[in-house]
Amino acid sequence: MRYELYYWPGMPGRGEFIRLALEDAGADYVDIGNLSERQGGAGAVSEFLHAADLARPHFAPPVLKADDIVISHVANILAFLGPRLGLVPEDESSRLWANGLQLTLTDFAAEIHDTHHPLGPSLYYEEQRETAAKRARIFVQERLSKFLYYFERVLATSAGNGPYLVGSAHSYVDLSLFQVVTGLRYAFPQAMARVEPEVPAVTALVDRVSHRGNIAQYLVSKRRLDFNESGLFRHYPELDG
Ligand SMILES: N[C@@H](CCC(=O)N[C@@H](CS)C(=O)NCC(=O)O)C(=O)O
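Residue positions are counted from 1 within each chain, in the order its sequence is given. Only residues with pLDDT of 70 or above have their local features reported here, since the model is predicted, and side-chain atom pairs are shown and tallied only from 80 upward, although totals for entire chains, interfaces and linings are computed over all residues. Hydrogens and water are ignored here; the side-chain numbers use all heavy atoms of the structure.

### Here we look at the overall build of the protein chain
Alright, step 1. Elements are defined by DSSP. Helices are runs of H or I of four residues or more, strands are runs of E of two residues or more, and each kind is numbered from the N terminus. Within the protein chain, the regular secondary structure consists of nine helices and four strands.
Alright, step 2. When the elements of the protein chain are put in sequence order from the N terminus, they spell out β-α-β-α-β-β-α-α-α-α-α-α-α.
Alright, step 3. Put simply, the radius of gyration uses C-alpha atoms, and a globule should come to 2.2 Å times the residue count raised to 0.38. Whereas a compact globule of 241 residues would reach a radius of gyration of roughly 18 Å, the protein chain reaches 18 Å, a difference of no more than 12%.
Alright, step 4. Its C-alpha atoms give the protein chain principal-axis dimensions of roughly 50 × 50 × 30 Å.
Alright, step 5. Whether a residue is buried, partly exposed or exposed follows from its accessible area with a 1.4 Å probe, protein chains only, as a fraction of its type maximum: under 20%, in between, or over 50%, in that order. The buried share of the protein chain, reckoned over its 241 residues, is 50%.
Alright, step 6. For the protein chain, the proportion of contacts with a sequence separation of at least 24, taken over those separated by at least 6, is 71%. Contact definition: two residues touch when any of their heavy atoms are within 4.5 Å.

### Section: the packing of helix H1 (residues 15–24) against helix H3 (residues 74–85)
Alright, step 1. Axis definition: a line fit to C-alpha positions, over the contact stretch in the case of helices; interaxial angles, taken between N-to-C directions, run 0 to 180 degrees. One can describe the packing of H1 onto H3 by two numbers: an axis separation of 10 Å at closest approach and a directional angle of 5°. The orientation of H1 with respect to H3, classified from their angle, is roughly parallel. Here Phe17, Ile18, Ala21 and Leu22 of H1 lie close against H3, whose contacting residues are Val74, Ile77, Leu78, Leu81 and Leu85.
Alright, step 2. Residues belonging to the contact of H1 with H3 are distributed by class as follows: nine nonpolar, no polar and no charged. Working definition: roughly parallel below 35 degrees, roughly antiparallel above 145 degrees, roughly perpendicular at 65 to 115 degrees, and oblique for all remaining angles. Each residue is assigned to one of three groups, with Ala, Val, Leu, Ile, Met, Phe, Trp, Tyr, Cys and Pro labelled nonpolar, Asp, Glu, Lys and Arg labelled charged, and all others, Gly among them, labelled polar.

### Some points on the sheet that holds strand E2 (residues 28–31)
Alright, step 1. Strand pairing is defined by DSSP finding a minimum of two bridges between the two strands. Read from one edge of the open sheet, four strands run E2-E1-E3-E4, paired in mixed fashion. Both outer strands of the open sheet, E2 and strand E4 (69–72), are each paired with one neighbouring strand and no more. If you compare each strand with its neighbour and ignore which way they point, the axes differ by 20° on average.
Alright, step 2. Across four bridges, the pairing between strand E1 (residues 2–6) and E2 is parallel. Bridge pairing in E2 links Leu5 to Asp31.

### A look at the site of the ligand
Alright, step 1. We call a residue near a molecule or strand whenever a single non-hydrogen atom of that residue lies within 4 Å of it. Near the ligand you find Tyr7, Trp8, Arg14, Phe59, Ala60, Pro61, Pro62, His73 and Val74, and these make up its full shell.
Alright, step 2. The side chain of Trp8 places a nitrogen or oxygen atom 2.8 Å from an oxygen atom of the ligand.
Alright, step 3. Alone, the ligand offers 500 Å² of accessible surface; in the complex the protein occludes 69% of this.
Alright, step 4. Among the residues forming the shell around the ligand, the class breakdown is seven nonpolar, one polar and one charged. We call two N or O atoms a polar contact when they sit within 3.5 Å, provided that within protein one can donate a hydrogen and the other can accept it, with sequence-adjacent residues counted only if both atoms are side-chain atoms. Each accessible area is a Shrake-Rupley estimate made with a 1.4 Å probe; only the visible protein chains count as cover when residues are assessed.

### What to know about the domain arrangement of the protein chain
Alright, step 1. Boundaries between domains were set according to an automatic or database domain assignment. According to the domain assignment, the protein chain contains domain 1 (2–85) and domain 2 (92–239).
Alright, step 2. Distance from the C-alpha centre of domain 1 to the C-alpha centre of domain 2: 21 Å.
Alright, step 3. The partner domain 2 presents 28 residues to the 22 residues of domain 1 that form the contact.
Alright, step 4. In this description, buried area is defined as the sum, over both parts, of the accessible area (probe of 1.4 Å) that is lost when the two are combined. It is Phe17, Leu20 and Asp24 that lose the most area in domain 1 upon contact with domain 2, and together they represent 30% of the buried surface on that side.
Alright, step 5. Salt-bridge detection follows one rule: a side-chain nitrogen of Lys or Arg within 4 Å of a carboxyl oxygen of Asp or Glu. At the junction of domain 1 with domain 2, the criterion picks out three salt bridges.
Alright, step 6. A salt bridge links Arg224 to Glu16, with the shortest nitrogen-to-oxygen separation between them at 2.7 Å.
Alright, step 7. On inspection of domain 1 and its partner domain 2, the count reaches seven residue pairs in polar contact (both at pLDDT 80 or more).
Alright, step 8. Of all the elements in the fold, those that place two or more residues in the side of domain 1 that touches domain 2 are H1 and H3.
Alright, step 9. If you tally residues by element for the side of domain 1 that touches domain 2, the top one is H1, at seven residues.

### Some remarks on the nonpolar core
Alright, step 1. Residues Tyr3, Phe108, Leu165 and Leu184 are the most contacted members of the largest nonpolar core, which totals 67 residues.
Alright, step 2. At 10 residues, helix H5 (residues 129–156) tops the list of elements feeding residues into this core.
Alright, step 3. Mapping this core onto the domain boundaries places at least three of its residues in each of domain 1 (2–85) and domain 2 (92–239).
Alright, step 4. For Leu165, the contacting residues outside a window of four places in its chain are Trp97, Leu101, Phe151, Val154, Leu155, Val173, Asp174, Leu177 and Leu205.
Alright, step 5. Only buried residues count toward a nonpolar core, which is a set of Ala, Val, Leu, Ile, Met, Phe, Trp, Tyr and Cys residues joined through side-chain atoms within 4.5 Å. Membership of the second largest hydrophobic core comes to eight residues, among which are Tyr6, Ile32, Ala44 and Leu49.

### Focus on the packing of aromatic side chains
Alright, step 1. What counts as a ring pair is set by centres within 6.5 Å for rings of Phe, Tyr and Trp (its six-membered ring), and what kind of pair is set by the plane angle: stacked under 30 degrees, edge-to-face over 60, tilted for all other angles. Enumeration over the complete set of coordinates arrives at eight aromatic pairs.
Alright, step 2. A centroid spacing of 3.8 Å and a plane angle of 15° characterise the contact between Tyr6 and Phe48, whose relative ring orientation is stacked. Of this pair, Tyr6 sits in strand E1 while Phe48 is found in helix H2 (residues 43–50), placing the two residues 42 residues apart along the sequence.
Alright, step 3. The buried category is assigned to Tyr6, whose relative accessible area is 8%.
Alright, step 4. Here the aromatic rings of Phe108 and Phe147 are separated by 4.2 Å at their centres, their planes lie at 10°, and the arrangement is stacked.

This is the structure:
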């Protein structure tokens, strides 16, 4: 099975949550948006989203294609991939728990995005700087620690050699929390330096994930894209109060 990932080129963005699961499991996949121009490249994602013959059009990437199954939304894609890649336990209650945690990360990601785009994605950051400064201040003072303390609390119940978010084994949600914390360290280095000592289990999870065989190799490969100011996690020093 060769999976096809449709996501905007040149940035980790929300596509990275899917890449990490595929990479961790050593799955065969094509990152369509980052193919060379000759191979279809950047325009392929837009073409795919707007194809007139799609019976079920999708609103926004990431979109994953697995033969004739086409899925959008990070949490939905991971709920599909988790069992197939061995990245979630088998029982229904654990799968629903994993999906709930992933949806909390979806909410967290939306709030992180809104620190630099509080008025919406159709305006440039430069057109909403003042509102962004207010929004980011509240995010840094209240929301950042509230979300991280929540995950710390979940990890306090972790069994096994974790810390793990779901039961006593590594899961796709661990990979996504790794990505969120890594992105936050890039976007808000000062705020994270203050909060991280208070969430040692979260930090330990990030460390554990970064040392997993396939992930460690992926992180130093060309497939791992750098954070930048086009993506979800952006570093604007003025927002990192
Ligand atoms: N809830 C969706 C959000 C998808 C999303 O916001 N995608 C962004 C890129 S990261 C996009 O292209 N949005 C286009 C738009 O909102 O108009 C998910 O979790 O995948």
